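Observations on the model geometry
Chain by chain, the residues:
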Amino acid sequence: MKAIRNEKYGLPDVLQLKEVDKPVPNSNEVLVKVHAASINSWDWDYLTGKPRIYRLLFGLFKPRHKILGADIAGQVMSIGEEVKLFKPGDKVYGDLSAHNWGGFAEFVCADENLLSSKPANLTYEEAAAVPQAGVLALQGLRYNGDIQEGQKVLINGAGGGVGTFAIQLAKLWGAEVTAVDCSEKMDVLLDLGADHVIDYQKEDFTKAEKKYDLVLDVIAQKPLSQYENVLNPNGALVVVGGSVALLLKLAIKSIFSKNSGKKMGILVHKPNRQDLKVLRELLESEKLKPIVDKCFPLDKTPDAFTYYGKNLVKGKVVITIE
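Residues numbered from 1 in each chain as written. Predicted model: local features only at pLDDT ≥ 70, side-chain atom pairs only at ≥ 80, totals over all residues. Heavy atoms only, no water.

1. A word on the packing of aromatic side chains
Under the counting rule described, the total for this entry stands at 8 aromatic pairs. Judged by centre distance (4.3 Å) and plane angle (15 degrees), the rings of Tyr-46 and Phe-58 are stacked. Of this pair, Tyr-46 sits in helix H1 (residues 41-48) while Phe-58 sits in helix H2 (residues 55-58), and the two are 12 residues apart along the sequence. One exposure class covers both Tyr-46 and Phe-58, and it is buried. Aromatic side chains Phe-296 and Tyr-307 sit 6.1 Å apart centroid to centroid with 45 degrees between the ring planes, which places their arrangement in the tilted category. With Phe-296 in strand S14 (residues 292-297) and Tyr-307 in helix H10 (residues 301-308), this residue pair connects regions lying 11 residues apart in the sequence. Judged by relative accessible area, which is 23%, Tyr-307 ranks as partly exposed. Feature note: the residues Trp-42, Tyr-46, Tyr-54, Phe-58 and Trp-101 constitute an aromatic cluster, connected by ring pairs. The ring of Phe-107 has Lys-33 sitting right over it, with the charged end atom 5.8 Å from the ring centre. We note Lys-263 situated over the ring of Tyr-143; from NZ or CZ to the ring centre the distance is 4.8 Å. (Phe/Tyr/Trp six-rings, centres within 6.5 Å; stacked < 30°, edge-to-face > 60°. Helix = DSSP H or I, 4+ residues; strand = E, 2+ residues; numbered from the N terminus. Buried < 20%, exposed > 50% of the residue type's maximum accessible area, 1.4 Å probe, protein only. Lys NZ or Arg CZ within 6 Å of the ring centre and 35° of its normal.)

Written as structure tokens, this is what we have:
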């Protein structure tokens, strides 16, 4: 089968299209014919090996996973003897980051518990844009309990994969949403229903007087004291991603700080089929939609990563596999 391999850390030009052996499913796995896969920030970090501290997880001198791609959508071709949830022919989608990655290939083996039935009304390309970003948005918004109608939510980095889902989910639950990103993404933020938009190139949301019940930050960079200043007394900061220095400070703070009204923490991503089912129901009822910026064929995966690396992607970049 054809697959995109990364044998070493580097820029997108290190990725190579190669012929490799088709995987064979273990007892609890299914073999999926991949029709589409999408790029997440973890794929970029894994490709570049930066920040270098991440290599303690990814592989110290070279990448542990040679085929990237966690988000997939495709069709089950065969199943292991212990698989109960799927049968050959089923259309599925899921996030394989907790298993073996491998989505940028014609076939991949996946733990059945990381997959769910593909939303019937979505194309494979649309479905591949959902799993990791959608689940992160869902879990991030629920971090401090269910959002109540009328609460004020700010989403920083709102124009990317996680942010575009978070805007829709927060509005669906009745929140007043402020979305922060660059000027090039203002149109998509408003189209998705954001009540207020902030161009971070012109305005710093932490220096405004407005307070929020929840700040969901996908690209957290600011001092923790500045986040505290924009939180209501019982508000929460949920960090999905950001600078290593801030993540370390936040981790230490969560260990040693005393209980108080304000809650600040790092979202630990937990891929699971139950959240995928929740998203599928919302997608099939057309209460939620994925935003796909651009699709690239498998052999153009390096170009897809180059485009992703410009940080101007609205929603997700998808790889299509024929």
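2. Examining the pattern of salt bridges
Pairing between side chains of opposite charge can happen when their charged atoms approach one another. Tallying each qualifying case throughout the model produces 10 salt bridges. Between Asp-90 and Lys-87 there is a salt bridge, with its nearest N and O atoms 3.1 Å apart. Asp-204 is the partner of Lys-222 in a salt bridge, and the nearest nitrogen-oxygen pair spans 3.3 Å. Separated by 18 residues along the polypeptide, Lys-222 in the loop between strand S11 (212-217) and helix H7 (224-229) and Asp-204 in the loop between strand S10 (196-199) and S11 bring together distant segments of the chain. A single salt-bridge network, built from bridges that share partners, covers Arg-5, Glu-7 and Lys-18. (Salt bridge = Lys/Arg side-chain N within 4 Å of Asp/Glu carboxyl O.)

3. Topic: the sheet that holds S11
Strand order in the open sheet made by the 6 strands is S10-S9-S8-S11-S12-S13, with parallel pairing throughout. Looking along the sheet, the strands with just one partner apiece sit at the ends: S10 and strand S13 (263-266). Along the sheet, successive strands turn relative to each other by an average axial angle of 15 degrees, direction set aside. As paired strands, strand S9 (residues 176-181) and S10 are joined by 4 bridges and run parallel to one another. Paired with Val-180 across the bridge in S10 is Ile-198. Packing of helix H4 (residues 131-141) onto the sheet brings it into contact with strand S8 (152-156), S11 and strand S12 (231-239), and relative to S11 it is tilted by some 150 degrees. (Pairing = 2+ DSSP bridges. Axes fitted to C-alpha atoms, helices over the stretch in contact; angles between N-to-C directions. Contact = heavy atoms within 4.5 Å.)

4. Here's the deal with the nonpolar core
Formed by 61 residues in total, the largest nonpolar core has its most connected members in Phe-104, Leu-115 and Tyr-227. For this core, the element with the most residues is strand S3 (residues 29-38), which contributes 5 residues. Once residues lying within four places of it in the same chain are set aside, the contact partners of Tyr-227 are Phe-205, Val-215, Asp-217, Ala-220, Gln-221, Lys-222, Leu-237, Leu-246 and Met-264. Leu-122, Ala-133, Ala-236 and Leu-267 belong to the second largest nonpolar core, which has 47 residues in total. (Core = buried A, V, L, I, M, F, W, Y, C linked by side-chain atoms within 4.5 Å.)

5. Looking at the side chain of Thr-178
Tracing the sequence through the fold places Thr-178 in strand S9. Classification of Thr-178 by relative accessible area gives buried; the value is 2%. The contacts of Thr-178, once residues within four sequence positions are left out, are Val-153, Leu-154, Ile-155, His-196, Ile-198, Lys-210 and Tyr-212.

6. Let's talk about the pairing of S3
Both faces of the sheet carry side chains from a regular strand, because those side chains alternate between them. Of all 10 residues in S3, 9 are buried; the element is thus mostly enclosed. Two strands pair when backbone bridges link them, and S3 and strand S6 (residues 107-111) are joined in this way by 5 bridges, in the antiparallel orientation. The partner of Val-30 across the bridge, within S6, is Ala-110. Here S3 runs beside strand S4 (residues 71-79); their pairing, made up of 8 bridges, is antiparallel. Its bridge partner being in S4, Ala-36 is matched across the sheet by Ala-73.

7. A look at the packing of H4 against helix H9 (residues 273-284)
Across the interface, H4 lies against H9 with an axial gap of 10 Å and an inter-helix angle of 95 degrees. With respect to H9, the element H4 is oriented roughly perpendicular. Here H4 contributes Pro-131, Gly-134, Val-135, Leu-138 and Gln-139 to the contact with H9, which in turn contributes Asp-275, Leu-276, Val-278 and Leu-279. Partitioned by chemical class, the residues of the contact of H4 with H9 number 6 nonpolar, 2 polar and 1 charged. (Parallel < 35°, antiparallel > 145°, perpendicular 65-115°, else oblique. Nonpolar A, V, L, I, M, F, W, Y, C, P; charged D, E, K, R; others polar.)

8. Focus on a nonpolar patch on the surface
Among the surface-exposed residues, Ile-53, Leu-56, Leu-57, Leu-60 and Phe-61 lie close enough to one another that they form a single nonpolar patch of about 610 Å² accessible area. With respect to the helices and strands, the residue Ile-53 is situated in the loop between H1 and H2. (Patch = residues over 30% accessible without salt bridge, like charges linked within 9 Å, V, L, I, M, F, W, Y side chains within 5 Å. Areas by Shrake-Rupley, 256 points an atom, 1.4 Å probe, with all protein chains shown as cover.)

9. Some remarks on the environment of Val-238
By secondary structure assignment, the location of Val-238 is in strand S12. With 29 residues separating them along the chain, Val-238 and Leu-267 place their C-alpha atoms 6.3 Å apart. Excluding residues that lie within four positions of it along the chain, Val-238 makes contacts with Gly-140, Tyr-143, Leu-214, Val-215, Leu-216, Asp-217, Gly-265 and Leu-267.

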